[in-house]
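# Architecture and fold: a report
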Amino acid sequence: MTYWTTMIVGRLAQTAMVAWTIVTMCFVFVHVLPGDTALRIAEARGGAEFLNVGRAEEIASEEGLNRPILLQYGEWIRRLATGDLGVSLVSGQSVTSELWYRGQNTLVLGIVGWLASHLVALPIGICAALRPRGWVDKLSSFYCVTMASLPSFLMGIGLISIFALSLRWLPPAGFRSPEHLILPAATLALGLSAFSIRLIRDTVREVNGAFFITFARTKGLTASMALWQNGWRNAAIPIVAFAALQFAAVVDGFIMIETLFNFPGLGDLLVSSMLARDVPMVMGAGLVAAVGYGLVNLAADLTSLALDPRISQRDQRRATFR
Amino acid sequence: MTDQGIEFQLDQILDTEGIRIVGPVSLYWDTPGDACVLIGETGSGKSLVAQSILGLLPPDFHADGFLRIEGKRIALGDVTALRAQWSTTMALVPQEPFRSLDPTMRIRRQLRQVKGSDDRRIDAALSELDLSASVGKAYPFQLSGGMAQRTLFATALVSGASLIIADEPTKGLDEDRAAQSLTALNRLRAEGRSLLVITHDLDLARQLDGRTVVMKAGEAVEAGPAHELFTSPRNDYSRALLQSDPANWSAPAPRIRPPSRTVAELRDVSFGYRAGGPLFENLSFTIDAGEVVAVTGQSGIGKTTLGDVLLGLRRPTSGTVLWEGTAATKATVHRLRRKYQKLHQDPGAVFARHRTIGQHFADLADILGGESLSLRLEQLRERMKLSARLMERSIDEISGGEAQRLALMRILMLDPMLIVADEPSSRVDPIVQRDVFELLDALRDQQEVAIVLISHRTKIVSSFADKVVRLSS
Amino acid sequence: MMRRMQVASIAVLIVAAGIHLLLPGDPNSQDLLRALEGPSLLHPFGFDHLGRDVLLRVAHAAPRSLGLAGLCVVFAYAGGLALGMIAAYRGGLVDAVLMRLVDLLLAFPGILLALLLAGFLGGGPGPILFGISLGLMPQFARLSRATAGQVLAEQHVEAAEMAGFRTTAILRRHVLPPVIHSTLPIGVLSVGGAILSVSSLGFLGLGIRPPTPEWGAMISEMMPYISEARLQLAAPCLAIFLSVLAFAHVFTTGRKKVTAGRRHD
């Protein structure tokens, strides 16, 4: 079991380091230009026409932006430790409740998009692997190369243009009904599948060509039985690891897709509060993204560990079996 | 020929371009338990013969001929019919156990995959091969190479096959484990299974004492019972092949050497890695100029490490290494570095594959100076009988024998006093192996170079060394 | 087939980078009367919401986007290679510290690091370059650390050390070539990824600031007019897509060559 604990502690420590880096980075960078921050908040709250230096200074003292940096930093860390993420500099609302609301939306979008991508990718990837140079293989590799060069927001623009504007089947933006989920989730799924199809195809092909499959066949198994009995676990190890990793890597997708579809999730929140220099909100959203990423990575490691006996039983000495 | 006999007639194997690369080869087994052995160098086509019987030739290769087994006559072109014989009449013992076993499945389940297996047969097969029942619970990565090899034999034993094809059953195994493989093969024969063994291990062929076929460049140059073939080979190539076997080397006349200066010395040297106990303790011996000291012992006992300690590549845990009478400290090692050299186990590995051989030799100008370099290079190249064309190639385009000579030549450029030769024979074909030893022999006689020979093969050692250091646990 | 694709990709990239030199006119000159005007022979992509020629803006954005992306990769590649080789050669504590740092950078999900850096430093080429390079570097460091570690354990390195060569000579002759060999294809491919990152930041409003023409920013500017001006929106999209595709194909060809070379083993 030592291997499990080492791995879990290692991942958690790493995530904590990232979280700390984000917290610190936010402070260091925002205090390079403190006056600018106050001006921007004033602009965000009252609009550009009411902007003046007096208002900015008012805000600066209200929000405590004039206090020494270390004091503000220390206070933020102290509050963080008690689980208080503070209030938004722009709206004055609690960061935690905003994150909670946005986080749920993002999670729904992520799970739907990720599941959809694998529902598509698994059958296509396996088909392509079992019939190399067949039409599924050729078509899917063309699809992969094309999709991999297509950033998610371009794909989203294409989908909006076709399904929302020309065909008028689906709403283009916002999140008021489950229908609003379809286009962003599809955008996410298409982008993800480009990578997972390729990996699934390569993995299944490699396992199918492995000599232990041939050797299993010389034991009297049919080709499909050998592939099923000796193949699935060997192929599942990298595929599952990659799938979990992909779920973590959708952060890019969230940021772009949510901004494009005006979807009230964490990514959209991160960008809009970054533009408004709303430090507590940026930090909160960044922290949730980083911690979520760390946890999903941990889950990916644990899954590989459960599937692959070579990792978990590495500690067992060879001498046991004589 | 009785109905129990097996007959194999291979007319030819054609490659993708329709060129004949192997054939004709004919083999027969009169009674159950007979063995046929194919011997020959790498690239002689012996593995392709085995693949043609099993219907496992690479795609687009084609074999003509037939196999008659258990009263059935199957054309070698009919891959489907050949594959239908798998496990029922034919079984394969492949050469690389860790590539052949499913890494994520326990051994017992893999044995259960054999057609017609049950727990009783599996237990019987495991115990027949000296494997404990707990091996069934292990994953392949938990087994040693020798044990994994034996589980492959168990697979064949569990099956009902009357013909078992074993591909290089001793490859990469040391003497003890090779002996275990031989035992396993003999048990299969005692069970009434006929064997086809593909090997470059002449010892194994001699001890199996079956019908032996010598292959060269795709053709069977000579065939006959092992005891006849090994004592009086008729074909020139078979004779050369058999003479290269260390067992047939004539023992050199005992040499009387005048006492000469000591090149290196170990005084009470011990070494152990941080994890685990000491590999060897309180070792003391001297090496004189022109002397051959052999270091022997099982694999994993620390022979290579001892060589590295002697060469100043590793610091001993205790004791002293002396070079020319002074302790091999950092400064001494730096000063005498090029005089103490190593002939690596895999000769090709000392040349980086992204550079040509010539570039490697040209690099030596850093150390030897530019003027003397080219002259010396020419002299040595001629002495080693190596063509100048080799200099333009990378190591991937060079044969094993040439690589061995080039590696030796590279060391000789540095004009060494001591060469540690690490298993100089393990990765090359017998004929090349013989060649290396003749070169080393000439070296010690003509240039008074001291040689430390690391080998697990006691036979080679006994015919060659002046002094033997045996490591044991 | 693959050769032709490679030639085509390189041609696309050269045309993209150079076309603005041939087109007359100022990409920032506005003519509000022509706002959102459709395509014509002289202006094949029409005009944007401020009446600027879209083709001209796309062409002028190309050298900036491609150059910035290329520079990001050059910095990240050089830095990563140096870090990886130092870590592999020195080993021990240096190795541990450098690789933990790399791990830390790797633990930042996707574009987040670049977004935070560019956002806080206020957009512009400098912060973008810094943020994206820092995000790309760890993969090169990891990869070159792994390859260098493997090569250093190979016997030709030991043999060279025993012959008495200087360390720098061994690193240069024996270690650097295989490290470059294993990392270069990914280096070329990541230029495509860097183009995406640059334009993503532009799209989010955190990259190069308008009115300077930049593909991502152009897309975000035109998004409110998506139903009226699809062609104008499609032009920068197409530019991004084609240039990333081009880099993907340079890579595929590179990789094919590598595998063909290995066949001699």
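Residues numbered from 1 in each chain as written. Chains lettered and ligands numbered in written order. Predicted model: local features only at pLDDT ≥ 70, side-chain atom pairs only at ≥ 80, totals over all residues. Heavy atoms only, no water.

A few words on the environment of Arg109(B). All names here are of chain B. Along the chain, Arg109 turns up in helix H4 (residues 107-112). The exposed category is assigned to Arg109, whose relative accessible area is 52%. Linking Arg109 and Val333, residues 224 residues apart in sequence, is a C-alpha distance of 54 Å. (Helix = DSSP H or I, 4+ residues; strand = E, 2+ residues; numbered from the N terminus. Buried < 20%, exposed > 50% of the residue type's maximum accessible area, 1.4 Å probe, protein only.)

Once that is clear, we can look at the pairing of strand E12 (residues 262-272) of chain B. Residue and element names in this part refer to chain B. With seven bridges connecting them, E12 and strand E13 (residues 278-288) associate as antiparallel partners. Following the sheet pairing, Phe271 is matched in E13 by Phe280. Relative to strand E15 (residues 318-323), E12 is paired through five bridges, and the arrangement is antiparallel. Across the sheet, the residue bridging to Glu265 is Leu322, located in E15. (Pairing = 2+ DSSP bridges.)

Interfaces are often described in size by the accessible area the parts lose on coming together. The interface is formed by 37 residues belonging to chain C together with 36 residues belonging to chain A. Between chain C and chain A, roughly 3400 Å² of surface is buried when both sides are summed, and carbon and sulfur atoms account for 81% of that area. The three residues of chain C that bury the most area against chain A are Pro109(C), Phe120(C) and Leu204(C), which together make up 20% of that side's buried surface. Joining chain C to chain A, the criterion identifies zero salt bridges. Of all the secondary-structure elements, those providing two or more residues to the side of chain C that touches chain A are helix H3 (92-106), helix H4 (112-121), helix H7 (167-204) and helix H9 (230-262) of chain C. Here the element with the most residues in the side of chain C that touches chain A is H9(C); it accounts for nine residues. For the side of chain C that touches chain A, the per-class residue count stands at 27 nonpolar, eight polar and two charged. (Contact = heavy atoms within 4.5 Å. Buried area = accessible area lost by both parts, 1.4 Å probe. Salt bridge = Lys/Arg side-chain N within 4 Å of Asp/Glu carboxyl O. Nonpolar A, V, L, I, M, F, W, Y, C, P; charged D, E, K, R; others polar.)

Residues and elements named next belong to chain B. Taken together, the six strands give an open sheet; going across it, the order is E7-E8-E9-E4-E10-E11, and neighbouring strands pair in mixed fashion. The strands lining the two open edges of the sheet, one partner per strand, are strand E7 (90-93) and strand E11 (219-225). Between one strand and the next, the sheet's axes are offset by a mean angle of 15 degrees, whatever the strand orientation. Two strands pair when backbone bridges link them, and strand E4 (residues 35-39) and strand E10 (residues 211-216) are joined in this way by four bridges, in the parallel orientation. Its bridge partner being in E10, Ile39 is matched across the sheet by Val214. (Axes fitted to C-alpha atoms, helices over the stretch in contact; angles between N-to-C directions.)

Okay, the packing of aromatic side chains next. Residue and element names in this part refer to chain B. Tallied over the entire structure, the rule returns seven aromatic pairs over all chains. Ring centres of Trp323 and Tyr340 lie 3.9 Å apart, and the angle between their planes is 5 degrees; on these two criteria the pair is classed as stacked. Taken as a pair, Trp323 in strand E15 and Tyr340 in strand E17 (residues 340-343) lie far apart in primary sequence, 17 residues in all. One Lys or Arg, Arg73, reaches over the ring of Phe66 and ends 3.9 Å from the middle of that ring. (Phe/Tyr/Trp six-rings, centres within 6.5 Å; stacked < 30°, edge-to-face > 60°. Lys NZ or Arg CZ within 6 Å of the ring centre and 35° of its normal.)

With that settled, consider the packing of H4(C) against helix H5 (residues 125-152) of chain C. When two helices pack together, their arrangement is given by the angle between the helix axes and by the axis-to-axis distance. Residue and element names in this part refer to chain C. In contact at an axis separation of 8 Å, H4 and H5 are set at 160 degrees when each is read in the N-to-C sense. The orientation of H4 relative to H5 falls into the category roughly antiparallel. Here H4 and H5 pass one another in a crossing that is right-handed. Counted together, Leu113, Ala114, Leu117, Ala118 and Leu121 of H4 and Pro127, Phe130, Gly131, Ile132, Leu134 and Gly135 of H5 form the full contact between these two elements. Of the residues belonging to the contact of H4 with H5, the class tally is nine nonpolar, two polar and no charged. (Parallel < 35°, antiparallel > 145°, perpendicular 65-115°, else oblique. Left-handed = near helix turned anticlockwise from the far one by under 90°.)

Our focus in this paragraph is the interface of chain C and chain B. Listed by partner, the interface residues are 17 residues for chain C and 24 residues for chain B. Considering only the side of chain C, the residues that lose the most area to chain B are Gln155(C), Met162(C) and Arg173(C), jointly responsible for 39% of the buried surface there. Run the count over chain C and chain B and you get three salt bridges. A salt bridge links Lys342(B) to Glu158(C); the nearest nitrogen and oxygen atoms lie 3.1 Å apart. For the pair chain C and chain B, the number of links is eight residue pairs in polar contact (both at pLDDT 80 or more). Those elements that place two or more of their residues in the side of chain C that touches chain B are helix H6 (155-163) and H7 of chain C. When residues in the side of chain C that touches chain B are grouped by element, the largest group, eight residues, is from H6(C). (Polar contact = N/O pair within 3.5 Å; in protein donor to acceptor, adjacent residues only side chain to side chain.)

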